[in-house]
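Residues per chain, in single letters:
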Amino acid sequence: MKRIYIVLLAIALAASVKAQDYNSPEVVQNQEVFLQLDRTFYLSGDKLWFSLFNYDSKSGRLIKGKRFMKLTLLNPSGEVIMSENLKVQDGRSAGQFILPLSIPSNEYVLHLGYMGESPDQYLFRKKLSIFNRAEVLEKASGTQVDFAVNSKEITPVSQNISVSLSKSGFNSKEQVVINLTGQTNAQLSIAVRPVGETDVLIEKGSGYSKFNLRSNKALNFKVPQDHAWLLFDLLPKTDLQPDSRPYAFIPEDHRIKGFYKVSNGVYSFDLTDLSGGEKTFYFNQFSNKPYVPPTAEWDYEKDRYKDHLVAYFEGEMDFEWKEPDIDYTQAIGDISFQSPSIEDQVMQYALQKSVLESVVASGAYDDVPVQIQEPQTDLMMAPSLFYKKASDYEQMNNIAEYLYEIVTGVRAWDRDNKRDIRVMFVGGMYHDSPLFLVDGIPTRDVEKILNIPIEDVHGAGVIKDHKAKAQYKFNDEARPYGVFAGSGIVVIHLKPGASNPFRVDYDGMLKKRVYIAQDVYPNADYQSSGSFNSIPDFRRTLYWNPTFELSETSNTVSFYTSDVPGEYEVIVQGISAEGKQIFARQTFSVSAGIE
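Residues numbered from 1 in each chain as written. Predicted model: local features only at pLDDT ≥ 70, side-chain atom pairs only at ≥ 80, totals over all residues. Heavy atoms only, no water.

Chemist: Would you mind going over the overall build of the protein chain with me for this structure?
Modeler: Counting its regular elements, the protein chain contains ten helices and 34 strands. In the protein chain, which comprises 595 residues, the proportion classed as buried is 51%. Considering only residue pairs separated by 6 or more positions, the protein chain has 75% of its internal contacts joining residues 24 or more positions apart. With an accessible surface of roughly 28,300 Å², the protein chain has 48% of that area assigned to carbon and sulfur atoms. (Helix = DSSP H or I, 4+ residues; strand = E, 2+ residues; numbered from the N terminus. Buried < 20%, exposed > 50% of the residue type's maximum accessible area, 1.4 Å probe, protein only. Contact = heavy atoms within 4.5 Å. Areas by Shrake-Rupley, 256 points an atom, 1.4 Å probe, with all protein chains shown as cover.)

See below:
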């Protein structure tokens, strides 16, 4: 009997795990999404921050796996104001985007769905009030506005978690410490802002309809197998040579991508495994041909190399994105819109931002100190083999002399009858001119390279197969570049402040923000600041952490109050490992700061 019980328990656990697997059709068609924002209204030009939870509506657990969603801002007519892709990993995502500066005051809709699915099969919708900043400031001009946040009576809530503070009232720019108890393993989003500005994850009745704008019903997705892929369509603007294939080099990631024609004139481009953020695409076309070294003079010698295929550069290419034509009107036809009124809190926020930006720009005050972010490595500044700093050697007459005399494995000629650069390998010279990376910017323009002033060069190196004679074998440094390294790569770093002659070319290359890369929210940090009493701090959102992982060893957060007095609340929302929905709100007050 005991053995039967254990077997049944194992089956139940397996079923529970399967319920979270995105490959399960039941999970796909019965998933839910909640999107928490850092604010409840915005000005044009503001940065909107969000936190996303994607969970199984039956078990309540976050859904495992990787998926890509599309977040679109729509006006009341269903026109797309802006659209961004999101990467959702194990049921969580977070990020930010900047609202257009010229957007008019109105109610808008945030629409969230999957790429390739019908807009009416949305995961989440939310009405959002956005105010034109110039319009608000014009109305606020000459108006006496109290900078204190509005006071509202609210009842603290504690569902599946407890939030405690050391006291109920704080001074301006004072540190606040929050203790979270009642759960030891949960994914949370934490916001601290004026009372009453709350969107709620857990309400399934009127509150759920109000904030999610979608009834709790099964979805009808057509291509769930594509949800884990980030695919785009390309249209060529230049011709592809016979027997050639197009490839793209992405300098920000130092990756190459091949792509394929899927219909007449349309290519499919898979960018699933790229990192987030804006990427640049440098397109080349290559053919595979036998490489016969110049030393092979007799036919029997040449015959040895007939199967020795190498990549030959056949020219640069130009593409454009083929954007899908999506009609969103059907997805918002049931929503009623009304022009939002410019209330005191909106004018407060706009005036505070305007005053703060003016005084900081004037140099009269310092900006609010924020938590220091770890500097990110600039992947475009590629490391290379045999790198030589120009300052370590005597001044050369030109860059050709520097490359030829100093950089190992490079030959360069700058004469009237010959202007060329080639990379050497063991036993010979590559068949094509190399790819150049000038401060990470890719180019094939040998003439422009040879015109770079030697005084602007910090150093140079080469990426190539430095061990084998066969060009089709790549070492670890050359392998990521694939066909682009078929004739070697010359890396050139310019001195700080030097003008990069390829910057205009780089700015003109095809670009795409693949999906949103999460930035670090600029939470204030006065701990390392000296005299901060005179720094004007008009923050209304005192703290924002969209991806807090609660554990036994990580259950406290801290932040600093601002100079804006009034009643604030800590809003904690999330999902536990067992699928319990977490919601808590706790209030505190902040006394007046500097005038």
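Chemist: Is there a simple way to think about the packing of aromatic side chains in this case?
Modeler: Here a ring pair, both rings aromatic, is described through the centre-centre distance and the interplanar angle of the planes. Going through the model one piece at a time under the given rule, you end up with 30 aromatic pairs. Aromatic side chains Y247 and F286 sit 6.1 Å apart centroid to centroid with 65° between the ring planes, which places their arrangement in the edge-to-face category. Here the residue Y247 occupies a position in strand 15 (residues 244-250), and F286 occupies one in strand 19 (residues 278-290), the gap between them amounting to 39 residues. Like Y247, the residue F286 is buried in the burial classification. (Phe/Tyr/Trp six-rings, centres within 6.5 Å; stacked < 30°, edge-to-face > 60°.)

Chemist: Help me understand the pattern of salt bridges, please; the structure alone is not making it clear to me.
Modeler: Note that side chains of opposite charge can pair when their charged atoms are close. Under the defined criterion, the tally for this structure stands at 21 salt bridges. One salt bridge connects E107 with K127, and the closest N-O pair in it is separated by 3.5 Å. Within this pair, whereas E107 is found in strand 7 (residues 106-114), its partner K127 is found in strand 8 (residues 124-131), the two being separated by 20 residues in sequence. Classification of E107 as buried rests on a relative accessible area of 11%. (Salt bridge = Lys/Arg side-chain N within 4 Å of Asp/Glu carboxyl O.)

Chemist: Is there a simple way to think about the nonpolar core in this case?
Modeler: Generally speaking, a soluble globular protein has its nonpolar side chains buried in company with each other. Ranked by size, the top nonpolar core spans 47 residues in total, and within it Y402, L403, I421 and F484 carry the most contacts. Once you skip the residues sitting within four places of it in the chain, L403 turns out to touch V410, A412, I421, A460 and V490. If you look at the next biggest cluster of nonpolar residues, it comprises 36 residues, including V27, L48, L73 and M82. (Core = buried A, V, L, I, M, F, W, Y, C linked by side-chain atoms within 4.5 Å.)

Chemist: I would appreciate a short explanation of the sheet that holds strand 21 (residues 319-321) in the present structure.
Modeler: One key point about sheets: their strands pair by backbone hydrogen bonds, in either a parallel or an antiparallel sense. If you walk across this open sheet you meet the four strands as 17-18-14-21, and the pairing is antiparallel. Of all the strands in the sheet, just strand 17 (260-263) and strand 21 have a single pairing partner and so form its edges. Each adjacent strand pair in this sheet contributes to an overall mean axis angle of 45°, direction not counted. Examined bridge by bridge, strand 14 (residues 231-236) and strand 21 share three bridges and lie antiparallel to one another. Among the inter-strand pairings, L234 is bridged to a residue of strand 21, identified as W321. (Pairing = 2+ DSSP bridges. Axes fitted to C-alpha atoms, helices over the stretch in contact; angles between N-to-C directions.)

Chemist: Even after reading the chapter, I still don't get the pairing of strand 28 (residues 457-463), so can you show me in this structure?
Modeler: A regular strand places its side chains so that they alternate between the two faces of the sheet. With six of seven residues buried, strand 28 lies mostly within the body of the structure. As paired strands, strand 22 (residues 385-389) and strand 28 are joined by three bridges and run antiparallel to one another. Its bridge partner being in strand 28, L385 is matched across the sheet by V462. Across six bridges, strand 28 lies against strand 29 (residues 489-494) in antiparallel orientation. Bridge pairing in strand 29 links G461 to V491.

Chemist: Which parts of the structure should I look at to understand the confidence of the model for the protein chain?
Modeler: For the protein chain, per-residue confidence averages 86 on the pLDDT scale, and residues scoring 70 or more make up 86% of the total. Within the model, pLDDT remains below 50 along residues 1-19, and this stretch shows five contacts once partners closer than five positions in the same chain are excluded. Below a pLDDT of 50 lies the segment residues 467-474, which in the model reaches 21 contacts outside its immediate sequence neighbourhood of four places, other chains included. (pLDDT = per-residue confidence, 0-100.)

Chemist: Which parts of the structure should I look at to understand the environment of L385?
Modeler: Turning to its location among the elements, L385 is positioned in strand 22. By relative accessible area, which is 15% here, L385 ends up buried. Residues L385 and A460, spaced 75 residues apart in sequence, show a C-alpha to C-alpha distance of 9.2 Å.

Chemist: I would appreciate a short explanation of the side chain of T561 in the present structure.
Modeler: By the secondary structure assignment, T561 is in the loop between strand 32 (556-560) and strand 33 (566-576). Of the residues examined, T561 reaches a relative accessible area of 0% and is grouped as buried. One polar contact links the side chain of T561 to the main-chain amide nitrogen of K173, over a distance of 2.8 Å. Within the structure, the side chain of T561 is placed 3.0 Å from the backbone nitrogen of E174, a separation counted as a polar contact. Each residue touching T561, except ones within four places of it in the same chain, is listed here: F170, N171, S172, K173, E174, V176, Y526, D537, R539, L542, F588 and V590. (Polar contact = N/O pair within 3.5 Å; in protein donor to acceptor, adjacent residues only side chain to side chain.)

Chemist: How should I be thinking about the sheet that holds strand 26 (residues 435-438) in this particular structure?
Modeler: The mixed open sheet is built from five strands, whose spatial order is 22-28-29-26-27. Single-partner strands in this sheet number two, and they are strand 22 and strand 27 (441-443). This sheet shows a mean twist of 20° between the axes of neighbouring strands, independent of strand direction.

Chemist: What is the right way to read the environment of L240 from this model?
Modeler: Structurally, L240 can be placed in the loop between strand 14 and strand 15. Between the alpha carbons of L240 and M317 there is a distance of 7.8 Å; along the sequence they are 77 residues apart. If sequence neighbours within four positions are ignored, L240 has contacts with R245, P246, Y267, Q285 and M317.

Chemist: Where do I start with unusual backbone geometry in this structure?
Modeler: For residues besides glycine, phi is generally negative; the peptide bonds are generally trans as well. Backbone geometry at D90 places phi at a positive 55°, although glycine is not the residue there. Mapped onto the elements, D90 comes out in the loop between strand 5 (80-89) and strand 6 (92-98). With a phi close to 50°, D439 is a non-glycine residue in the positive phi region. Within the secondary structure layout, D439 lies in the loop between strand 26 and strand 27. For D439, a relative accessible area of 22% gives the class partly exposed.

Chemist: What am I meant to see in helix 3 (residues 133-140) here?
Modeler: Spacing of three or four residues puts side chains on the same side of an α-helix, whose turn is 3.6 residues. Every buried residue of helix 3 is accounted for by R133, V136 and A140. Along helix 3, the residues classed as buried sweep out an arc of 65° about the axis, all on the same side. Facing away from the buried side of helix 3 by over 90 degrees, the exposed positions are A134 and E138. For helix 3, the N-terminal capping position is held by N132, with its side-chain oxygen 3.2 Å away from the main-chain nitrogen of A134. Phi for G142, located one or two positions after helix 3, is positive at around 80°. (Arc of directions from axis to C-beta.)

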